[in-house]
Amino acid sequence: MIKVAVLGAKGKMGAQTCQAVEASDDLELVAALDQGDDLDELTTAKAEVVVDFTRPEVVMDNLGWCIGHGIHAVVGTTGFTEERLATLRSQLEASSGMGVLIAPNFSIGAVLMMQFAAKAAPYYESVEIIELHHPDKVDAPSGTAQRTAQLIAEARQTAGSAPNPDATSTGIEGARGADVDGIPVHSVRLRGLVAHQEVLLGDVGETLSIRHDSMHRESFMAGVLLGVRKIVGTPGLTVGLEHFMDLS
Ligand SMILES: NC(=O)C1=CN([C@@H]2O[C@H](COP(=O)(O)OP(=O)(O)OC[C@H]3O[C@@H](n4cnc5c(N)ncnc54)[C@H](O)[C@@H]3O)[C@@H](O)[C@H]2O)C=CC1
Ligand SMILES: O=C(O)C1=N[C@H](C(=O)O)C[C@H](O)C1
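Residues numbered from 1 in each chain as written. Chains lettered and ligands numbered in written order. Predicted model: local features only at pLDDT ≥ 70, side-chain atom pairs only at ≥ 80, totals over all residues. Heavy atoms only, no water.

Re the site of ligand 2
And then number 1: Residues in contact with ligand 2, as listed here, are Thr-78, Pro-104, Asn-105, His-133, His-134, Lys-137, Asp-139, Ser-142, Gly-143, Thr-144, Ala-195 and Phe-220.
And then number 2: At a separation of 2.9 Å, an oxygen atom of ligand 2 approaches a polar side-chain atom of His-134.
And then number 3: One nitrogen or oxygen atom from the side chain of Lys-137 is found 2.6 Å from an oxygen atom belonging to ligand 2.
And then number 4: Computed on the free molecule, ligand 2 has an accessible area of 320 Å², of which 84% lies beneath the protein chains in the complex. (Near = heavy atom within 4 Å. Polar contact = N/O pair within 3.5 Å; in protein donor to acceptor, adjacent residues only side chain to side chain. Areas by Shrake-Rupley, 256 points an atom, 1.4 Å probe, with all protein chains shown as cover.)

Details of the confidence of the model for the protein chain
And then number 1: On average, the protein chain scores 97 in pLDDT, and the residues at 70 or more come to 100%.
And then number 2: For this predicted complex, the interface score ipTM comes out at 0.99, alongside a pTM of 0.96. (pLDDT = per-residue confidence, 0-100.)

Looking at the side chain of Ser-95
And then number 1: Tracing the chain through its elements places Ser-95 in the loop between α4 (82-93) and β5 (99-102).
And then number 2: For Ser-95, a relative accessible area of 18% puts it in the buried group. (Helix = DSSP H or I, 4+ residues; strand = E, 2+ residues; numbered from the N terminus. Buried < 20%, exposed > 50% of the residue type's maximum accessible area, 1.4 Å probe, protein only.)

Some remarks on the sheet that holds strand β4 (residues 72-75)
Within a sheet, each strand pairs with its neighbour through backbone hydrogen bonds, oriented either parallel or antiparallel.
And then number 1: In space, the six strands of this open sheet follow the order β2-β1-β3-β4-β5-β11, with parallel pairing throughout. Of all strands in the sheet, those with a lone pairing partner are β2 (27-33) and β11 (236-239), marking the two edges. The sheet shows a mean angle of 20 degrees between the axes of neighbouring strands, direction not considered.
And then number 2: Relative to β5, β4 runs parallel, the two sharing three bridges. Paired with Val-75 across the strands is Ile-102, a residue of β5.
And then number 3: Across the face of the sheet, helix α1 (residues 12-22) comes into contact with β1 (2-7), β2 and β3 (49-52) while running at roughly 155 degrees to β2.
And then number 4: Together, β5 and β11 form the strand contacts of α4, whose direction differs from that of β11 by roughly 145 degrees. (Pairing = 2+ DSSP bridges. Axes fitted to C-alpha atoms, helices over the stretch in contact; angles between N-to-C directions. Contact = heavy atoms within 4.5 Å.)

And the structure:
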């Protein structure tokens, strides 16, 4: 049995994760903490893996604490810049074999959508991303959209693709979305939605749309549980659930 603790346990994803861990035969939920709770409860409960679904402004402190106390972490919380990833890498190097998984999206379908989009991107002149989420989401663009744009930009750079064509020279600021590594990302916030993304690819006379929809937060749970099971034997920093899936 792997002893698992959840940070952000009263939140939408944290509560769903507690249920999923409790329903698993090989995992034991030993702590469910939220804002204001004492992290020392994690060591008292002998947690081996922490799952963090909190907020971008607190996640780095949580991870620093976990690494320092010999606890692996599986992280869904957004807000990971290159600078934050570098900080984690050096904290992990100084640790005794701790592992951290940062997964921009735990849904298996979303991981596949990101991989398919990166594969397709060098074959098209234009690529844009539309991400659509519930209006309680605090960050924009989504972590998934930012990671997708990075993967697409890397694939296009490797292939020597030209930048997206775009004749826009006048209009209202923001109309062309956020620029993430040269890829326009458009964010929709709409009551009724959970988490959705469409990657639009275009070339002369044709378009390709790659869309993924999470209609319920249960869609993330298979990936969270996979991450918990794998991180115990994976020291260092892993970015992206695809590294724990056989996609060859
Ligand atoms: N990687 C993925 O597949 C997914 C990632 N997310 C991300 O996960 C994060 C949480 O999302 P939701 O559950 O929708 O948000 P939420 O707002 O429903 O839950 C966040 C919870 O964290 C708690 N919290 C805040 N500070 C804390 C602290 N210092 N220690 C412990 N708990 C603390 C809050 O009280 C709240 O209960 C967001 O960054 C979101 O973008 C959400 C869905 C899927
Ligand atoms: O806040 C959410 O809901 C989600 N956040 C993650 C993101 O920002 O990509 C993952 C998923 O899109 C749901």
